[in-house]
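# Understanding the architecture of this molecule
What follows is each chain in one-letter form.
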Amino acid sequence: MTDNTMQVDSPPPLSRAAHNAGMAAYRTQGQRLAAEIGNRGPLRLTDDGALHPDIQAAYWRHGYYIFEGVIDAAEIAALRADAQNMLARAPTGPDAKVDAQGRPALGLDYARMPYRFTRPLADPWGGTQLLGGRHPAQMAQPRPDADAPEHVVFLMYSMCQSMPSGLRLYGHPKLLAAAQSIDGTDFVPFNDAIFVKQPGLGGAVAWHQDGVTHWQSPNWDEGIHGFNFQVQLYPATVGNCLWVIPGSHKLGKADIKGMVSANGGSEQLPGAVPLVCVAGDVTMVNRQMVHGSFANSSEDLRISLTFGFHRRKSVLGQKAALSVEDSPAIYDEQRVFDRSAVIQVAIDARHRAFPNEPAFAYRPFAGLEDEFRFSPEIFDRVIRDYNTKDLAI
Ligand SMILES: O=C(O)CCC(=O)C(=O)O
């Protein structure tokens, strides 16, 4: 098994269509609960640029919020084009070096190969020790249709390097203002990953909580592991979207295996809500939420650009974890500065593309803006292989 192959052996019990049909009642119940909770609307800022206090309160109460209509149609079109280009340039499988057109795949010269594959409709992490063993209960793995390929792209990394529009998105002033309100003026980046849930093929992400570092910290609280945005490039439907258990970010480390057992072994956990979105909506999800997504047995594509932020004090001095745990690094001042510089460069790249939009003022780089203007030299120094410096906790 190579680094970017995630194999699953157990025989799939249900057909794709039967799995899709079997989710219907659960989906209806989840949508009802989501409607009761609400927690969605435009991304409103106060006059001094803070995320509106009502939204902050709603986020902290339930652990998530859906910002509607943040990214306009033209920007979504550019992001789709770049994401589809990345998909087209993926190697044909985990061990391949060329894409479907026989060209050298994107990323062969990157420090980290930017693609992860799964077998269709599989749950590559559930029930394994991968990623700190944080996905303890495997989701159902339906049998794909007969014409399914052997492997599908599941995740793509490096959006700030491989997608010009992805770098610009990373400097979005309203998203950064929200990050600043949640994680403080000295907030720092986490990582980014593009979840690709191809229609009738996309893999499952077993129920999990993201954080691995601070569960036993004496100063543990509901925000210590930060949050993730997901920018939806296509509709996130009830059949393919991310699900969360509201309020679970406040309760410490969940016994997910026990929750599934107590639910008669079914992964259809009670009290969960689907984060249904249209293209251009952005979800904000606390990384301590119990969350996951089912095998995409539906007919709808989802591509979610996922990137997160932390409080600086949650990260500084911590050991590399999760996607960067193969390195023995400690997140010292230099590492935090180097990875945070991606934000400053992204702000400048965005400002060049959208000169009429107010640029976000990122406090840790106040006075250093001229040293981090977007240029070929800065791209090589700051953006190339930036994800080897991710700040995962
Ligand atoms: O979008 C998905 O399906 C999974 C996302 C997720 O698990 C995460 O962001 O941690």
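Everything numeric in this text was worked out from a predicted model, so none of it was measured.

Definitions and cut-offs
Each chain carries its own residue numbering, running from 1 in the direction its sequence is written. Note on the predicted model: pLDDT of at least 70 is required for a residue's local features to be given, and 80 or more for side-chain atom pairs to be given and counted; whole-chain, interface and lining totals, by contrast, use all residues. Segments assigned H or I by DSSP are reported as helices when at least four residues long, segments assigned E as strands when at least two residues long, and all are numbered from the N terminus. With the radius of gyration taken over C-alpha atoms, the globule rule is written as 2.2 Å times the number of residues to the power 0.38. Partly exposed residues are those falling between the two cut-offs: more than 12 but fewer than 20 other C-beta atoms within 10 Å of their own, whereas 20 or more means buried and 12 or fewer means exposed, with C-beta atoms placed from the backbone. Two residues form a contact once the distance between their C-beta atoms, set from the backbone, is within 7 Å. One less than the number of residues in a helix, times 1.5 Å, gives the span that helix is expected to have. Placing the C-beta atom from the backbone, one calls a residue near a molecule or strand if that atom lies within 6 Å of it. Amino acid classes used here: Ala, Val, Leu, Ile, Met, Phe, Trp, Tyr, Cys and Pro are nonpolar; Asp, Glu, Lys and Arg are charged; the rest, including Gly, are polar. Per-residue confidence from the predictor is reported as pLDDT, which spans 0 to 100. Pairing between strands requires that DSSP locate at least two bridges from one strand to the other. For every element, the axis is a line fit to its C-alpha atoms; helices are fit only across the contacting stretch, and the angle between N-to-C directions ranges from 0 to 180 degrees.

The next point concerns the overall build of the chain. Tallying secondary structure elements over the chain gives 12 helices and 12 strands in all. At 20 Å, the chain has a C-alpha radius of gyration in line with the 21 Å of a compact globule built from 393 residues. Each of the three principal axes of the chain carries a C-alpha extent, and together these read 60 × 50 × 40 Å. Per-residue burial for the chain yields a buried fraction of 50% across its 393 residues. Taking contacts inside the chain between residues at least 6 apart in sequence as the whole, the part at least 24 apart equals 84%.

Let us now look at helix α4 (residues 73-88). With 16 residues, α4 ought to run about 22 Å at 1.5 Å a step, and its terminal C-alpha atoms sit 22 Å apart, in line with that. On its buried side, α4 packs onto β4 (152-156), α6 (159-162), α7 (164-170), β5 (188-197) and β12 (302-310).

This part is about the environment of Gly258. One can find Gly258 in helix α9 (residues 256-262). Classification of Gly258 as exposed rests on a count of 11 C-beta atoms within 10 Å. With 189 residues separating them along the chain, Gly258 and Gly69 place their C-alpha atoms 38 Å apart.

Another aspect to go through is the site of the ligand. By nearness alone, every residue bordering the ligand is listed as Phe195, Val205, Asp210, Asn228, Leu242, His291, Ser293, Ser304 and Thr306. Within the residue set of the shell around the ligand, elements represented by two or more residues are β11 (291-293) and β12. Looking at side-chain class alone, the shell around the ligand contains three nonpolar, five polar and one charged residues.

With a phi close to 80°, Ser158 is a non-glycine residue in the positive phi region. Mapped onto the elements, Ser158 comes out in the loop between β4 and α6. Phi is positive for Asp385, which is not a glycine, with a value near 60°.

Counting all residues, the mean pLDDT for the chain is 94, and 97% of those residues have values of 70 or more. Contacts for the low-pLDDT stretch residues 1-5, under 50 throughout, to residues beyond four places or in other chains number 10 contacts.

Here we take up the sheet that holds strand β7 (residues 227-232). The strand order across the open sheet formed by eight strands is β1-β2-β10-β7-β12-β5-β4-β3, and the pairing between neighbours is mixed. Edge positions in the open sheet fall to β1 (40-41) and β3 (115-118), since each of these has one partner strand only. Both β4 and β5 contribute to a ladder of two bridges, which runs antiparallel. If you follow Leu155 over to β5, its bridge partner there is Phe195. In the packing of helix α8 (residues 173-183) onto the sheet, the strands contacted are β7, β10 (282-286) and β12, and the crossing angle to β12 comes to about 45°.

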